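# Observations on the model geometry
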Amino acid sequence: MLHNGNRGGIAGAFNCGIVELEARGVELFFLLDQDSELPPGYFNAMCQAAVAARDRKHDRGTGDAGESEEGAAFLIGPLVHDTNLDALIPQFGLEGKRVYQFDLRKPFTEPLVRCAFLISSGSLISRAAWARIGRFDERYVIDHVDTDYCMRALHCDVPIYLNPHVVLQHQIGDLQAKSLFGWKIYVINYSAVRRYYIARNALDLSLAHVRAFPAILFINVYTLKQILPMLIFERDRLRKCIALMVGLFDGLLGRLGGIREARPRMSKYLSRSG
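Description of the structure in this document. Fair warning: this is a prediction, and the values are worked out from it, not measured in the lab. (Residues numbered from 1 in each chain as written. Predicted model: local features only at pLDDT ≥ 70, side-chain atom pairs only at ≥ 80, totals over all residues. Heavy atoms only, no water.)

## Some details on the pattern of salt bridges
A complete count under the given rule lists 11 salt bridges for this structure. A salt bridge links aspartate 148 to arginine 152; the shortest N-O distance between them is 3.1 Å. Taken as a pair, aspartate 148 and arginine 152 lie in helix α5 (residues 145-155) at a separation of 4 residues, close to a single helical turn. You'll find aspartate 148 and arginine 152 in the same group, each marked buried. Beyond isolated ion pairs, a larger network of salt bridges with shared partners links Arg195, Glu234 and Lys240. (Salt bridge = Lys/Arg side-chain N within 4 Å of Asp/Glu carboxyl O. Helix = DSSP H or I, 4+ residues; strand = E, 2+ residues; numbered from the N terminus. Buried < 20%, exposed > 50% of the residue type's maximum accessible area, 1.4 Å probe, protein only.)

This is the structure in structure tokens:
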């Protein structure tokens, strides 16, 4: 078992594990976290999807000479069922620079579907994709680490696939349903430090990739949608509002890294309880 001491957050943990597996000659790297529950037959189904992704590239003749030596480059992820909402999380496809949302009410007929984004938990990375894209960016620490990796995959022409025949059970935060004037809204109860990372990383990613993929701007909607529920239903509102504002400021400036190192005083303030 490897102990990374939380260096680089979840990005550092992914890098540490993959480097170790790469040295052992492993061809597929699976990313999982403690909030996920694997369905029966998960690894077998995902390995079959990896074979299909490899064969698809070879059949279409899209692999270059370097790739033929190191194998096919791809990312694959399952459908994700949010156990808090008891619903599948939205999945998005990509046509050129246009991002569209899949209609999850309709059955998928293909074994693999090209998509634009994956959450890290439950996904796999081929060895060739890791060689081409590189390490996870530890400056993002935790939130949007997977979004950044998907954006870099698209820049490197590494296909991202959804395996719609595998459904991962996953709990996204401490989500609670609340009623506001008859409207159901959701409160996720993130800490002030997480609010900082979410706001900062989303804005930084948007600025980095908006020219190539204008639809990346939509990741900031998640930040904005949580402001009203946070102000009405959550405790420690002042600290969380400050975290959001500082996060947006640092996102504009590209000030990344762990908050303890980037802003030690702010880190102590935001980490206080009550």
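Having put the structure on the table, let's press on.
## Things to note about the layout of surface pockets
Counted as a void, the second largest pocket has a volume near 360 Å³. Surrounding the second largest pocket, 17 residues form its lining, Asn6, Val141, Tyr197, Gly258 and Arg260 being those nearest its centre. Mapped by element, the contributors of at least two residues to the lining of the second largest pocket are α1 (9-23), α6 (192-209), α10 (259-262) and α11 (264-271). Here the element with the most residues in the lining of the second largest pocket is α10; it accounts for 3 residues. Class assignment for the residues of the lining of the second largest pocket results in 6 nonpolar, 7 polar and 4 charged. (1 Å grid on protein atoms, 1.4 Å probe; cavity = no way out; pocket = protein on both sides within 12 Å on 5 of 7 lines; lining within 4 Å. Points joined across faces, edges and corners; volume = space filled by probe spheres on them. Nonpolar A, V, L, I, M, F, W, Y, C, P; charged D, E, K, R; others polar.)

## Let's talk about the nonpolar core
In this structure, Leu75, Ile125, Phe136 and Ile160 are the most contacted members of the largest nonpolar core, which totals 36 residues. Within the residue set of this core, elements represented by two or more residues are α1, β3 (75-82), α4 (127-133), α5, β9 (160-170) and α6. Looking at this core, the element that brings in the most residues is α5, giving 6 residues. Formed by 12 residues, the second largest nonpolar core is a distinct cluster that contains Tyr42, Ile76, Leu124 and Tyr161. (Core = buried A, V, L, I, M, F, W, Y, C linked by side-chain atoms within 4.5 Å.)

## Points about the packing of aromatic side chains
By the definition in use, this model includes 11 aromatic pairs. Judged by centre distance (4.9 Å) and plane angle (75 degrees), the ring pair of tyrosine 42 and phenylalanine 43 falls under edge-to-face. You can call tyrosine 42 buried: its relative accessible area is 2%. Here the aromatic rings of phenylalanine 136 and tyrosine 149 are separated by 4.0 Å at their centres, their planes lie at 20 degrees, and the arrangement is stacked. Of this pair, phenylalanine 136 sits in the loop between α4 and α5 while tyrosine 149 sits in helix α5, placing them 13 residues apart in sequence. Each member of the pair, phenylalanine 136 together with tyrosine 149, is buried. Through pairs of rings, three or more aromatic residues link up here, namely Phe14, Phe136 and Tyr149. (Phe/Tyr/Trp six-rings, centres within 6.5 Å; stacked < 30°, edge-to-face > 60°.)

## A word on the packing of α6 against helix α9 (residues 237-253)
Their axes nearest at 7 Å, the elements α6 and α9 cross at an angle of 25 degrees. In terms of axis orientation, α6 runs roughly parallel to α9. Read as a crossing pair, α6 and α9 show a hand that is right-handed. Contact residues: α6 offers Ala192, Arg195, Tyr196, Ala199, Arg200, Leu203, Asp204 and Leu207, while α9 offers Arg239, Lys240, Ala243, Leu244, Val246, Gly247, Leu248, Asp250, Gly251 and Leu252. Tallied by class, residues from the contact of α6 with α9 come to 10 nonpolar, 2 polar and 6 charged. (Axes fitted to C-alpha atoms, helices over the stretch in contact; angles between N-to-C directions. Parallel < 35°, antiparallel > 145°, perpendicular 65-115°, else oblique. Left-handed = near helix turned anticlockwise from the far one by under 90°. Contact = heavy atoms within 4.5 Å.)

## Section: empty space enclosed by the protein
Sizing a probe to match a water molecule and rolling it over the atoms shows the empty space that remains. Per the stated rule, a full pass over the model turns up 3 cavities of 30 Å³ or more. Computed from the structure, the largest cavity encloses a volume of approximately 70 Å³. If you go around the largest cavity, the residues you meet are Leu31, Leu75, Leu118, Ile119, Ser120, Ser123, Leu124, Ile125, Phe136, Asp146, Tyr149 and Cys150. Listed by contribution, the elements that provide at least two residues to the lining of the largest cavity are β8 (124-126) and α5. It is α5 that contributes the most residues to the lining of the largest cavity, 3 residues altogether.

## What to know about the environment of leucine 217
Positionally, leucine 217 belongs in the loop between α6 and α7 (219-225). In the structure, leucine 217 is positioned 12 residues away from leucine 205 in sequence and 8.6 Å away in space, judged by C-alpha atoms. Not counting the four nearest positions on each side in its chain, leucine 217 is found in contact with Ser206 and Val210.

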